[in-house]
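Spelled out from the first residue to the last, the chains are:
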Amino acid sequence: MKKITTNIFIENIYEQFPFDEVVFHDDVQKMFAYMLTLPEIKEKYCLKGFDYSTIVFDIVLCDNAEIHRINREYRHIDRPTDVITFAIFADSEPDDVFIMDGEINLGEILISLDTIKEQAAQNNVSTEDESRLIAAHGMLHLLGFDHQTEDDYNFVVKTQNKIKAVLDV
């Protein structure tokens, strides 16, 4: 079996929000690696049938003002949200899929730390726990899983919770 390298780039553009990016990166790396082993993911993910050796994606940590601006500009929804995913690879038409030197760029996940903090308080969990859960949600989107139907939504939520629980991150 071929070894797959995963390069995850995390950038915190919300400098006023203290966040341990190194620990978060390690946890995201573990979650993504585990995610790729799950049969229910491998059956339907956007990587199926492609030859690649490296997977790349970015996570940008921002504030509510920035995610609100992006949500309004790209999704035409005039409010902040917890996560926005730009699934470049998964959302491309088959003829437009781009793999260069064995590398697939899945896209970018934007996470609002302001909203994460609010949701963490509502859910009685730490901001770290909430951010990991939301990162898992975003990674599922990058892999081509959406939630346009109730069944799809239930799959995404069940899977993100399973990943977080199994790895205890």
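Residues numbered from 1 in each chain as written. Predicted model: local features only at pLDDT ≥ 70, side-chain atom pairs only at ≥ 80, totals over all residues. Heavy atoms only, no water.

> Can you tell me about the sheet that holds strand E3 (residues 83–87), naming the residues and giving the values?
The strands making up a sheet associate through hydrogen bonds between their backbones, and the pairing can be parallel or antiparallel. If you trace the four strands from one edge of the open sheet to the other, you get E1-E2-E4-E3, paired in mixed fashion. Here the strands that pair on one side only, and so sit at the sheet edges, are strand E1 (5–12) and E3. Neighbour-to-neighbour, the strand axes of this sheet turn through a mean angle of 15°, independent of strand direction. Bridge count between E3 and strand E4 (residues 103–112): five bridges; the pairing is antiparallel. When the bridges of E4 are listed, threonine 85 appears paired with isoleucine 109. Relative to E1, helix H1 (residues 21–35) is tilted by about 145°, and along the sheet it contacts E1, strand E2 (54–62) and E4. Sheet contacts for helix H5 (residues 127–142): E2, E3 and E4; angle to E4, the most-contacted strand, approximately 140°. (Pairing = 2+ DSSP bridges. Helix = DSSP H or I, 4+ residues; strand = E, 2+ residues; numbered from the N terminus. Axes fitted to C-alpha atoms, helices over the stretch in contact; angles between N-to-C directions. Contact = heavy atoms within 4.5 Å.)

> An account of the packing of aromatic side chains is needed here, citing residue identities and associated values.
For the structure shown, the criterion picks out six aromatic pairs. Each ring, one from tyrosine 14 and one from phenylalanine 17, has its centre 5.7 Å from the other, and the planes form 40°; the classification is tilted. (Phe/Tyr/Trp six-rings, centres within 6.5 Å; stacked < 30°, edge-to-face > 60°.)

> Break down the pairing of E2 for me, with residues and values.
The buried count for E2 comes to eight of nine residues, which makes it a mostly enclosed element. Taken together, the eight bridges between E1 and E2 define a ladder with parallel strand orientation. From the neighbouring strand, asparagine 7 faces E2, where its bridge partner is valine 56. Pairing between E2 and E4: nine bridges, direction parallel. (Buried < 20%, exposed > 50% of the residue type's maximum accessible area, 1.4 Å probe, protein only.)

> Let's hear about the nonpolar core: which residues, and what values?
Leu47, Phe57, Ile59, Leu106, Ile111 and Leu143 are the most contacted members of the largest nonpolar core, which has 42 residues in total. Of all the secondary structure elements, the ones that give two or more residues to this core are E1, H1, E2, E3, E4, helix H4 (113–123), H5 and helix H6 (150–167). Not counting the four nearest positions on each side in its chain, leucine 143 is found in contact with Phe32, Met35, Leu36, Ile41, Tyr45, Cys46, Leu47, Ala90 and Leu106. Membership of the second largest hydrophobic core comes to six residues, among which are Val60, Cys62, Ile67 and Ile70. (Core = buried A, V, L, I, M, F, W, Y, C linked by side-chain atoms within 4.5 Å.)

> I'd like to hear about a negative patch on the surface, residue by residue, with values.
Judged by side-chain charge, Asp91, Asp146, Glu150, Asp151 and Asp152 come together as a negatively charged surface patch. As for its position among the elements, aspartate 91 is in the loop between E3 and E4. (Patch = residues over 30% accessible without salt bridge, like charges linked within 9 Å, V, L, I, M, F, W, Y side chains within 5 Å. Areas by Shrake-Rupley, 256 points an atom, 1.4 Å probe, with all protein chains shown as cover. Salt bridge = Lys/Arg side-chain N within 4 Å of Asp/Glu carboxyl O. Lys, Arg positive; Asp, Glu negative; His and termini not counted. Charge placed at Lys NZ, Arg CZ, Asp CG, Glu CD.)

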